[in-house]
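Fold and contact review
These are the residues of each chain, in order.
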Amino acid sequence: MEREITFEEHTRELEPELARLLVTIADMTVEIRNEFPHRLMGVSGTNKYGEVVSELDAWVNDYICKKLAATGLVRKIYSEELVQPLLVREDAPFVVAMDPLDGSSNIVTNNPFGTIMGIYRKDLPVTGENLAASLYKLYGPITTLVYDAGKGVHEFVKHRKGAAKYCLLHEKMKIPEEGGVFGLGGEPLEWTPEFLRFAKDLVKVHKLKLRYCGAFVGDFSQILHKGGFFSYPSSVKNPKGKLRLFYEAQPMAKIFEDAGGATWSGSESLLKTKCDDVNVRTPLYFGNKKIIELLKGVKTVAHKEGE
Ligand code: AFP
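Since this is a predicted model, take the numbers as computed values, not measurements. Along each chain, the written sequence defines residue order, and numbers are assigned to residues from 1. Only residues with pLDDT of at least 70 get local features here, since the model is predicted, and only at 80 or more are side-chain atom pairs given and counted; chain-wide, interface and lining totals rely on the full set of residues. Water and hydrogen atoms play no part in the side-chain values, which are based on all heavy atoms of the structure.

Bringing the overall build of the protein into the picture now. Per the secondary structure count, the protein includes eight helices and 15 strands. The C-alpha radius of gyration computed for the protein amounts to 19 Å, which stays within 12% of the reference 19 Å derived for 307 residues, consistent with globular compactness. The principal-axis extents of the C-alpha atoms in the protein amount to approximately 50 × 50 × 35 Å. For the protein, long-range pairs separated by at least 24 residues make up 62% of all intrachain contacts whose partners lie at least 6 apart in sequence. In this description, accessible areas are obtained by the Shrake-Rupley approach with a 1.4 Å probe, and a residue is regarded as covered only by the protein chains that are shown. Roughly 13700 Å² of accessible area belongs to the protein as shown, and the carbon and sulfur atoms make up 53% of that amount. In summary, the charge assignment counts Lys and Arg as positive and Asp and Glu as negative, without counting His or the chain termini. By convention, charge coordinates are those of NZ in Lys, CZ in Arg, CG in Asp, or CD in Glu. Both charge centroids of the protein, one from 41 positive and one from 41 negative side chains, sit 3 Å from each other. Per the convention used, a helix needs a DSSP run of H or I reaching at least four residues, while a strand needs a run of E reaching at least two, with both numbered from the N terminus. Throughout, the radius of gyration refers to the C-alpha atoms, and the reference size of a globule is 2.2 Å times the residue count to the power 0.38. Contacts were defined at the residue level, with two residues in contact if any of their heavy atoms lie within 4.5 Å.

Shown next, in the form of structure tokens:
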């Protein structure tokens, strides 16, 4: 049987400080997963957006911030769960943007959720092209980690015998060009009529199968492995969509485009969209290149009544 390649071995070829930061992030997983059963139901308040913050959201955010700060490699941490960015160490090389627990409303139903992180060398304003690395962890029936540090997209699974190590599962991932699945967030009656017709064609014309789990990381993993289309689109209620450019869209756009997919904000690639406000939301379209090319001809941006 072939020897397994661990995450630590795989990141060895990277610049040492980035490798050490990534390995530290990977090594947090055991402690984080151990907390899940103990903090399933609690609510710890609301975040800066007025969204309910589960007890687990708050715990994971604090835990990750402490571990990142202890590396001495992080200058500043931006998090969906922090009102202000955490200034850590002025002379450190990296700035981290994270959604510590994406999909936390899936906790009580035991559906997938995860952690999304973008690692920059520079502070805002940035585009996704400034990312030194992106990664996400998916806490599902198994625990996987996907990272992209500019040398391809690679997936790891926590070792089959339950040890803390992540072992290489897929190297240099590329999404399938044809076929696949689709997932669409939000309320269809709030989309533009044109986007609703496009959505119906995903079934009628492209013959895609519906797969939607309600956590971006879980829905993203579906199309990364199977190809297809995922969107949390513009709607009348939320013309800018629901997901955040800095914490969610940009890190995942780097992974998806480097895996051969395409992304769209409604006007440009999500990787090229400039971010100078951590709170800004963006409509979000991820898909096979062919499907995204078709989408570019569709009116997707909804407007509030009277706007
Ligand atoms: P939570 O973290 O509050 O569960 O929200 C998850 C999320 O931000 C993203 O992961 C999903 O794609 C999207 O919201 C699901 O939104 P809906 O609940 O409106 O479908």
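Now, onward.
Glancing now at the site of the ligand. One heavy atom within 4 Å of a molecule or strand makes the whole residue count as near it. In the vicinity of the ligand, the contacting residues are Asp-102, Gly-103, Ser-104, Ser-105, Tyr-212, Gly-214, Ala-215, Phe-216, Tyr-232, Lys-242, Leu-243 and Glu-248. Between N or O atoms, a polar contact is any pair within 3.5 Å; within protein, one atom must be a potential hydrogen donor and the other a potential acceptor, and residues adjacent in sequence are included only when both atoms are from side chains. Contact distances for the ligand include 3.0 Å between an oxygen atom and a backbone N or O atom of Gly-103. Here Ser-104 contributes a backbone N or O atom positioned 3.2 Å from an oxygen atom of the ligand. When the free accessible area of the ligand is taken as 480 Å², the share hidden by the protein chains comes to 73%. By residue class, the composition of the shell around the ligand is five nonpolar, four polar and three charged. Just so you know the grouping, Ala, Val, Leu, Ile, Met, Phe, Trp, Tyr, Cys and Pro go in nonpolar, Asp, Glu, Lys and Arg go in charged, and all remaining residues, Gly too, go in polar.

This part covers the domain arrangement of the protein. All the domain ranges listed were derived from an automatic or database domain assignment. Along its sequence, the protein is carved into domain 1 (7-170) and domain 2 (181-295). Computed from C-alpha atoms alone, the centre-to-centre distance between domain 1 and domain 2 is 22 Å. Of the residues lining the interface, 39 residues belong to domain 1; the matching set on domain 2 comes to 30 residues. The quantity reported as buried area is the accessible area (1.4 Å probe) lost by two parts once they are put together, taken as the sum for both. Summing both sides of the interface, domain 1 and domain 2 together bury roughly 2800 Å²; the carbon and sulfur share of this comes to 63%. The three residues of domain 1 that bury the most area against domain 2 are Tyr-49, Ile-116 and Tyr-136, which together make up 19% of that side's buried surface.

The term salt bridge refers to a side-chain nitrogen of Lys or Arg lying within 4 Å of a carboxyl oxygen of Asp or Glu. Evaluation of the coordinates by the stated rule reveals eleven salt bridges. Measuring nitrogen to oxygen at the nearest pair gives 2.7 Å for the salt bridge that ties Glu-129 to Lys-272. Placement of the pair is Glu-129 in the loop between strand S6 (113-120) and strand S7 (131-139) and Lys-272 in the loop between strand S14 (262-264) and strand S15 (284-287), with a sequence separation of 143 residues. A single network of salt bridges, built from pairs that share partners, joins Glu-35, Arg-39 and Glu-55.

What follows deals with the environment of Leu-210. Structurally, the position occupied by Leu-210 is in strand S12 (residues 209-210). Think of it in three bands: residues with accessible area under 20% of the maximum for their type are buried, residues over 50% are exposed, and the middle band is partly exposed, with areas taken using a 1.4 Å probe on protein chains only. The class of Leu-210 is exposed, set by a relative accessible area of 54%. A C-alpha to C-alpha distance of 31 Å links Leu-210 and Val-43, two positions 167 residues apart in sequence. Among all residues touching Leu-210, those that are not within four sequence positions of it are Phe-182 and Gly-183.

A few words on the nonpolar core. Ranked by size, the top nonpolar core spans 40 residues in total, and within it Phe-7, Leu-22, Ile-32, Leu-68, Ile-119 and Tyr-147 carry the most contacts. Among the elements of the structure, helix H2 (16-27), helix H4 (55-71), strand S3 (74-79), strand S5 (94-102), S6, S7, strand S8 (143-148) and strand S10 (166-170) are those that each provide at least two residues to this core. Ignoring any residue separated from it by four or fewer positions in sequence, one finds Tyr-147 in contact with Phe-7, His-10, Thr-11, Leu-14, Leu-22, Ser-134, Leu-135, Gly-152, Val-153, His-154 and Phe-156. In terms of nonpolar packing, the next biggest core, distinct from the first, is built from 39 residues, Met-173, Phe-230, Tyr-247 and Ala-253 among them. We define the nonpolar core as a collection of buried residues of types Ala, Val, Leu, Ile, Met, Phe, Trp, Tyr and Cys that are connected through side-chain atoms lying within 4.5 Å of one another.

Turning our eyes to something else, we now look at the sheet that holds S12. Two strands qualify as a pair provided that DSSP identifies no fewer than 2 bridges between them. Strand order in the open sheet formed by five strands is S12-S11-S13-S15-S14, and the pairing between neighbours is mixed. Edge strands, defined here as strands with exactly one partner in the open sheet, are S12 and S14. Pairing analysis gives three bridges linking S14 to S15, with the strands arranged antiparallel. Across the sheet, residue Ala-262 finds its bridge partner in S15, namely Gly-287. Lines fitted to C-alpha atoms define the axes here, with helix axes fitted over just the stretch in contact, and angles between the N-to-C directions of these axes take values from 0 to 180 degrees. On the sheet, helix H6 (residues 216-226) packs against strand S11 (181-184), strand S13 (228-232) and S15 and is oriented at approximately 160° with respect to S13. Strands S14 and S15 of the sheet are contacted by helix H7 (residues 245-258), whose axis makes an angle of about 15° with S15.

Omega for the peptide link from Leu-124 to Pro-125 comes to 0°, which places this bond in the cis form. Tracing the backbone shows Pro-125 in the loop between S6 and S7. The residue Asn-110 is not glycine, and still its phi comes out positive at about 55°. Here Lys-172, not a glycine, exhibits a phi torsion of approximately 50°, which is positive. Summarising the element assignment, Lys-172 is placed in the loop between S10 and S11.

It is worth spelling out the packing of H2 against H4 at this point. Two elements in contact, H2 and H4, have axes whose closest approach is 10 Å; the angle formed by their N-to-C orientations is 150°. Judged by the inter-axis angle, H2 sits roughly antiparallel to H4. When the axes of H2 and H4 are compared, the crossing they make is right-handed. On the side of H2, the interface is formed by Arg-20, Leu-21, Thr-24 and Ile-25, while H4 contributes Lys-67, Leu-68 and Thr-71. Considering only residue class, the contact of H2 with H4 consists of three nonpolar, two polar and two charged. Should an angle fall under 35 degrees it is called roughly parallel, over 145 degrees roughly antiparallel, and 65 to 115 degrees roughly perpendicular, with every other angle called oblique. For any helix crossing, the convention is left-handed if the near helix is rotated counterclockwise from the far helix by under a right angle, and right-handed if that rotation is clockwise.

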